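# Commentary on secondary and tertiary structure
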Amino acid sequence: MGAYRHFPVLMITIPMLGAVLLPFLGYLRKRWVATATLLPLAVSAVLGLLLIGRIPADGYLSYELGSWPPPFGNEIRVDYLGLFMMLIVCGISLLALVFSMRYIEREVEGPKLTAFYVLFLLLSAAMLGFTATGDIFNLFVFMEILALSSYALVAVAGNRNAVRAAFKYLLMGAPSSIMVLLAIGFLYSVTGSLNMADLSTRIAESSYSEVLIVAYILFVIGFGVKAALFPMHMWLPDAHSIAPSPVSAMLSGLLVEVSAFAIIRVTFSVFGSGAENLIGGTVDALGIFAAAAALFGGIMAIIQKDLKMMIAYSTISHIGYIFLGITAFTAEGLAGAMYHVLDHGLAKACLFLCAGSFIYVKGYRRIDDLKGAWRQMPWTCFAFAVASISVIGVPPTAGFISKWYLILGNIEAGNYFYVFVLLSGSILAAVYCFRVIYYMFFQPPKEGAWESRTNEASPSMLAPIWILSFGTLFFGVFSYLLIPSLLKAAAFLL
Amino acid sequence: MRLLHNYHYIGAVILFCIGLYTVIVRRNIIKKLIGLNIMETAVFFFYISLGYVDNGIAPIRVGGADPSKMVNPIPQALILTGIVVAVSVTALALSLVILLYRQFGTLDVDHLMRDEAEEAKEAGE
């Protein structure tokens, strides 16, 4: 019984506590707030790194809050996939935070600056709790913290469009949260339990199949809105393109993935393999929506004129890929979905931060304005190109590895149509990514657009961008570090 | 007969549908928020009715109280959390409504969204 047993709960509570204390610091010493935000997240990241190797791929670490034994008390349960997800959350939050230290002063000013950092920390803490909790009601509570802080972060700039986008997001997000709460009520009414592990054994024995099916559908709708799955995606393009760029990176690189991870939790840890014939129909429907999302997002991304809008639609398409991995119900598919969460998080965060640095340096949002940008901002443009290649899924980037496993998983499940969808999604991605790359590198700049000597973005903005784009290459080349354990963990979950 | 026996579930479902209808159909955003609150109330009502016992007593074990008469306290504890969450969502939503009204001078969803379409058209030209 080493001290590491306490690490998962500390990883959640330290940023949460930091978010509570930060306003006081903002009142006393305003200039330290940004640095003080880094500290709790860095502590969480270190604790998470120390946990690597302590959690076997086919096991989990359970923590009893207040020493109440699991079916009765609150449980925090971190398995291999949960730790994987928590480390992604810590890493990308830290990088987005470093980027925003310089960037955000341009969009948010005065007393709202402290509020921005508080909300940012709260969002990260809620995402950590959301992935680690083993109690289904706590899942709802963390989802609400996460949702509330993200509504506020979209609106933080305070201008017309930001407030409107945030309200649109809230009007879709709040009813979806209520549906999750109702689904939890249905589960509780027929099983009398709230602990996920306990629920899965009780669901396998339960005879109330209709109630369980309805509960599962409500879960899918509820988390589907948060994950922006195709017919429920309307809030995403506005919210992700109008929010300040580091926030877009958080929303697009982490929040939608974490919501997709919640569906993995509900599908495999709560309903589990014992209920496959129960939820089979819903999972099939989910697959159809996911395929539609992959194609729709790609086509819409091609016709966008605004760079951030294009990246946002690309996110919708990639959420479709992740769901196609889940609905395959095979170890390869699930491992591919988890690897895609990593790769998409890195690549999308990088793309949004690049878009942010274009906005910061030149104020350019439209793709047309980026013609010939590489002469003035070569580092940002090269990072953008690397991340785009990962979005398309070309080797040696991580995007290739995840797509490979998604396709393998769907072949094994016999869903050949979805294999076709995944491949055509890559072609669509190639179209919209290479258009931007072509403009950046091979087009002459527009009259007067890039003539005056402009500086590259500052090092504190370039460093996160380059770490992220280097990450997509690193996890593409050294995929053997993670893939075997992910396959084992996925097989354990199935 | 089972349906009549569980009449409180029907009440919750009707309330939930009224709320959802209001959120989707009404054009005034304050009314949408009221619909949201009705939906929340329906869910709270559903939870509380789960733990209801006829002539129930508080679940405190003193002096040989009959456990079968006790009300289930877990849904009540959960809904206490749920109410707190609902209040914070409503507060945030209302503050956004204030900002929206200051910026646009209207509470009509059609107006707000039509504005957006026009702005997009202007930006495209």
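Residues numbered from 1 in each chain as written. Chains lettered and ligands numbered in written order. Predicted model: local features only at pLDDT ≥ 70, side-chain atom pairs only at ≥ 80, totals over all residues.

### A closer look at the overall build of chain B
The cut-off we apply is this: Numbering of helices and strands starts at the N terminus; helices are DSSP runs of H or I of at least 4 residues and strands are runs of E of at least 2. For this measure, only C-alpha atoms enter the radius of gyration; the expected value for a globule follows 2.2 Å times N^0.38, where N is the number of residues. Labels follow a simple rule on C-beta atoms placed from the backbone: if 20 or more others lie within 10 Å of a residue's own, it is buried; if 12 or fewer, it is exposed; otherwise it is partly exposed.
Scanning chain B for helices and strands turns up 5 helices and 0 strands. Ordered by position from the N terminus, the helices and strands of chain B form the series α-α-α-α-α. The C-alpha radius of gyration computed for chain B amounts to 21 Å, which surpasses the reference 14 Å derived for 125 residues by more than 25%, pointing to a less compact arrangement than a globule. If one aligns the C-alpha atoms of chain B with their principal axes, the spans along those axes are about 80 × 35 × 20 Å. Counting only residues that meet the buried cut, chain B has 24% of its 125 residues in that class.

### Notes on the overall build of chain A
For the record, the criterion: Here, residues touch in the contact sense if the C-beta positions derived from the backbone fall within 7 Å of one another.
What chain A contains, in helices and strands, is 18 helices and 2 strands. In terms of C-alpha radius of gyration, chain A reaches 21 Å, essentially the compact-globule figure of 23 Å for 494 residues. Going through the 494 residues of chain A one by one, you find that 60% of them count as buried. Contacts in chain A between residues far apart in sequence, at least 24 positions, make up 81% of those at least 6 positions apart.

### Some points on the interface of chain B and chain A
Facing 25 residues of chain B, the contacting portion of chain A comprises 22 residues. Of all the secondary structure elements, the ones that give two or more residues to the side of chain B that touches chain A are α2 (7–25), α3 (29–50), α4 (73–104) and α5 (109–124) of chain B.

### Remarks on the UniProt feature "transmembrane region" (unreviewed entry) in chain B
Residue and element names in this part refer to chain B. Short version of the rule: UniProt positions are given in the numbering used here, feature names are shortened, and annotations may be inferred rather than shown by experiment.
Here, the residues flagged by UniProt with the feature "transmembrane region" (unreviewed entry) are residues 6–24, 33–53 and 73–101. The span residues 6–24 is 95% helix and 0% strand, and its two end C-alpha atoms sit 28 Å from each other. Each end of residues 33–53 is marked by a C-alpha atom, and these two atoms are 32 Å apart; helix forms 86% of the span and strand 0%.

### Considering the pairing of strand β2 (residues 75–79) of chain A
The side chains of a regular strand alternate between the sheet's two faces. All names here are of chain A. Short version of the rule: Strand pairing follows a simple DSSP-based rule, namely that at least 2 bridges must link the two strands.
Within β2, 5 of the 5 residues are buried, leaving the element largely enclosed by the surrounding structure. Alternating positions in β2 separate into two faces, E75, R77 and D79 on one and I76 and V78 on the other, with burial throughout. Bridge analysis of strand β1 (residues 60–64) against β2 gives 5 bridges, and the strand direction is antiparallel. In the sheet register, L61 faces β2, and the bridge partner there is V78.

### Description of the nonpolar core
Counted only if it meets this: Put simply, a nonpolar core is buried Ala, Val, Leu, Ile, Met, Phe, Trp, Tyr and Cys residues tied into one set by C-beta atoms within 7 Å.
Judged by nonpolar contacts, the single largest core of 221 residues is most densely connected at V154, A166 and C350 of chain A. Leave out the neighbours within four places in its chain, and A166 of chain A touches Y151, V154, A155 and A239 of chain A together with L96 of chain B.

### Some remarks on the packing of helix α7 (residues 196–205) of chain A against helix α10 (residues 245–271) of chain A
All names here are of chain A. In plain terms, the rule: Here an angle of 0 to 180 degrees is reported between the N-to-C directions of two axes, which are lines fitted to C-alpha atoms, with helices fitted over the stretch in contact. An angle below 35 degrees is read as roughly parallel, one above 145 as roughly antiparallel, one from 65 to 115 as roughly perpendicular, and any other as oblique. Basically, the charged four are Asp, Glu, Lys and Arg, the nonpolar ten are Ala, Val, Leu, Ile, Met, Phe, Trp, Tyr, Cys and Pro, and anything else, Gly included, counts as polar.
Put simply, α7 and α10 touch, their axes get as near as 7 Å, and they point 60° apart. Here α10 runs oblique to α7, going by the angle between their axes. Along its contact with α7, which presents M196, L199, S200 and I203, the element α10 presents S269, V270 and F271. A class-by-class count of the residues in the contact of α7 with α10 yields 5 nonpolar, 2 polar and no charged.

### Focus on helix α18 (residues 483–493) of chain A
An α-helix turns once every 3.6 residues. As a result, residues three or four positions apart point the same way. All names here are of chain A. Quick reminder of the rule: Directions from the helix axis toward the C-beta atoms define the arc.
Listed as buried for α18 are I483, L486, A489, A490 and L493. In a view along the axis of α18, the buried residues occupy a sector of 125°, so they form one face of it. Those residues of α18 that are buried are in contact with β2, α3 (80–107), α10 and α13 (331–362).

### Looking at the environment of Y169 of chain A
Here Y169 of chain A is to be found in helix α6 (residues 160–191). Residues in contact with Y169 of chain A, not counting those within four places in the same chain, are Y151, V154, W235 and A239 of chain A.

### Digging into the confidence of the model for chain B
Residues and elements named next belong to chain B. Short version of the rule: As a per-residue quantity, pLDDT reports the predictor's confidence and falls between 0 and 100.
With 90% of its residues at a pLDDT of 70 or more, chain B has an overall mean of 85. The lowest-confidence element of chain B is α5, averaging 69 in pLDDT; the highest-confidence one is α3, averaging 92. Prediction confidence for the complex, expressed as pTM and ipTM, is 0.91 and 0.90 respectively.

### Section: the environment of P244 of chain A
Residues and elements named next belong to chain A. When you line up the elements, P244 lands in the loop between α9 (235–242) and α10. Under the C-beta neighbour-count criterion, P244 is labelled buried, with 23 such atoms within 10 Å. The sequence separation of P244 and V256 amounts to 12 residues, and the corresponding C-alpha distance is 17 Å. Among all residues touching P244, those that are not within four sequence positions of it are I104, E107, V108, V156 and A157.

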